[in-house]
Amino acid sequence: NTGLRMVYPFLPAFARGLGVPLATLAGLVALRSYASILSPLFGPLSERYGRRAMLVISMVLFSLGCLVIVIWPELWAFGLTLIVIAIAKVIYDPAMQAYIGDTVAYEKRGRSIAISELSWAGAFFLGMPLVGLAITEWGWQAPFFWLAALGIGGALALRGLLPSGGGQDGSATNLVETWRVIRRHRVIWAAAVYITLMMAANEIILIVFGDWMETSFALTLTALGLVSAVIGGAELTGELTTAAVVDRIGKRRFVIFTGSMTAFMYLVLPAIGLTLVIAMVSLFILFLFFEMSVVGGIPLMTELVPQARGIVLSVVLAAAGLGRGLGASIGPLLWSRGDLRLNGLVAAIMMVAAVLILALWVREAPDEREIEFENKPLSEAGE
């Protein structure tokens, strides 16, 4: 997650290191996000080969991707590194979330998913200050070297410490079966549209975050890393709050409320974030609610079609990538036309639409549907 997220606050630093305009790297970030659309190609693999195997493979791939830019400090290599990291993540996340879905009862799954999502907050809370320090001390390529080494360590830890359970039932391992499941369950389509809009809204703000902070408040790289830690702290608070209350409140009710508050914060952020202190407080509140809406929604996604979790989660992650790609493409265009107000308005509209879709059409599978699904082969159950 640190490898994925560090481009946002440090995109100007990477652009200076490569000697290219900021807009060029923003385009590569958008291209990276679209790589997540490949997720449905990889999601079914964990159903056949096991969740742990795919987790280990993804971490090795991540490390190899980081080494590309270390060896070849060129624009093409930077783009390739971003894409490989994105592909590694779209292999890892559905397998991890499906593993939790396989092993944790739905009544407790919200807390378990929220705990796993501490890694997302950790990327900003701990990772970004360290990335800022590494760039300051050793240059813009340094974070990629350290992440490559740590990625190999992560692969070895997963291989040695994680129990192998989950997946490996031989089902839905080809695109025909995968498409049949997706086509026959309209709730998957609704969830995909919801996720696409939600992620696009956030990316519209996040893609210009680093430039907004640098130009508005003249922050150094080290200070920018510390400000990023504020977002990480908000996400950490959101994940801990979600872990404590989401299972008791109800997943859908929780996400509808937090998503609505996120839309409100998108709308008011440009108007109230006029000083560094107020901007940091506003960003904290914004990412607190956004993170709660994301983390609270993941256990809901694991129960849309319980017997095809790997497929559903891979589609959800592809939708997230599509949303990020759209947001990364739209955000700089809006930013170039004025200040943050236009970005905030468009993000708010998208988030409101996402919440409405969730409220109307995204629900867990009812018990009788689960029983019927369990008693059929996957190819029939999909129909």
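The rules behind each value
- Residues numbered from 1 in each chain as written.
- Predicted model: local features only at pLDDT ≥ 70, side-chain atom pairs only at ≥ 80, totals over all residues.
- Heavy atoms only, no water.
- Helix = DSSP H or I, 4+ residues; strand = E, 2+ residues; numbered from the N terminus.
- Buried < 20%, exposed > 50% of the residue type's maximum accessible area, 1.4 Å probe, protein only.
- Contact = heavy atoms within 4.5 Å.
- Areas by Shrake-Rupley, 256 points an atom, 1.4 Å probe, with all protein chains shown as cover.
- Lys, Arg positive; Asp, Glu negative; His and termini not counted.
- Charge placed at Lys NZ, Arg CZ, Asp CG, Glu CD.
- Phe/Tyr/Trp six-rings, centres within 6.5 Å; stacked < 30°, edge-to-face > 60°.
- Lys NZ or Arg CZ within 6 Å of the ring centre and 35° of its normal.
- Axes fitted to C-alpha atoms, helices over the stretch in contact; angles between N-to-C directions.
- Parallel < 35°, antiparallel > 145°, perpendicular 65-115°, else oblique.
- Nonpolar A, V, L, I, M, F, W, Y, C, P; charged D, E, K, R; others polar.
- Left-handed = near helix turned anticlockwise from the far one by under 90°.
- pLDDT = per-residue confidence, 0-100.

**Student:** Residue-level account of the overall build of the protein chain, with values.
**Tutor:** Counting its regular elements, the protein chain contains 20 helices and 0 strands. Counting only C-alpha atoms and orienting by the principal axes, one finds that the protein chain spans roughly 60 × 45 × 35 Å. Of all 383 residues assigned to the protein chain, the portion counted as buried reaches 58%. If you take every contact in the protein chain between residues at least 6 apart in sequence, the share linking residues at least 24 apart comes to 85%. Looking at the protein chain as shown, the accessible area adds up to about 15500 Å², and 67% of this sits on carbon and sulfur atoms. Side chains of the protein chain give 26 positive and 26 negative charges; the mean places of these two sets differ by 2 Å.

**Student:** Provide a residue-level description of the packing of aromatic side chains, including the pertinent values.
**Tutor:** A complete count under the given rule lists 9 aromatic pairs for this structure. Between phenylalanine 14 and phenylalanine 78 the ring centres are 5.6 Å apart and the planes differ by 50°, which places this aromatic pair in the tilted class. Taken as a pair, phenylalanine 14 in helix α2 (residues 7–18) and phenylalanine 78 in helix α7 (residues 75–103) lie far apart in primary sequence, 64 residues in all. Each of the two residues, phenylalanine 14 as well as phenylalanine 78, counts as buried. The aromatic ring of tyrosine 106 is capped on one face by lysine 251, whose charged end is 4.2 Å from the ring centroid.

**Student:** Go over the packing of helix α9 (residues 118–138) against helix α10 (residues 142–161), please, and point to the residues and values.
**Tutor:** Between α9 and α10, the least distance of the axes is 8 Å, while the angle of their chain directions is 125°. Considered as vectors, α9 and α10 are oriented oblique to each other. Between α9 and α10, the residues in contact are Val131, Ala134, Ile135 and Trp138 and Ala142, Pro143 and Trp146, respectively. For the contact of α9 with α10, the class distribution of residues is 7 nonpolar, no polar and no charged.

**Student:** Could you give me a rundown of the packing of α2 against α9, with the residues and numbers involved?
**Tutor:** Here α2 crosses α9 at 15°, and the two axes come no closer than 11 Å. On the basis of their axis angle, the class for α2 and α9 is roughly parallel. For α2 against α9, the interelement crossing comes out left-handed. Residues Pro9, Phe10 and Phe14 of α2 lie in contact with α9, whose contacting residues are Phe124, Met128, Val131, Gly132 and Ile135. Its residues placed into classes, the contact of α2 with α9 shows 7 nonpolar, 1 polar and no charged.

**Student:** Could you give an account of the confidence of the model for the protein chain, with specific residues and numbers?
**Tutor:** When pLDDT is averaged along the protein chain, the result is 85, and 92% of the positions lie at 70 or above. For the protein chain, helix α19 (residues 367–374) is the element with the lowest average pLDDT, namely 42, and helix α18 (residues 340–361) is the one with the highest, namely 95. Across residues 368–383, confidence stays below pLDDT 50; counting only partners more than four residues off in sequence or on other chains, it has 31 contacts.

**Student:** I'd like a description of the environment of leucine 326, backed by residues and values.
**Tutor:** With respect to the helices and strands, the residue leucine 326 is situated in helix α17 (residues 309–336). For the pair leucine 326 and proline 143, spaced 183 residues apart in the sequence, the C-alpha separation amounts to 27 Å. With residues up to four places along the chain from it excluded, the contact list for leucine 326 reads Tyr34, Thr196 and Ala200.

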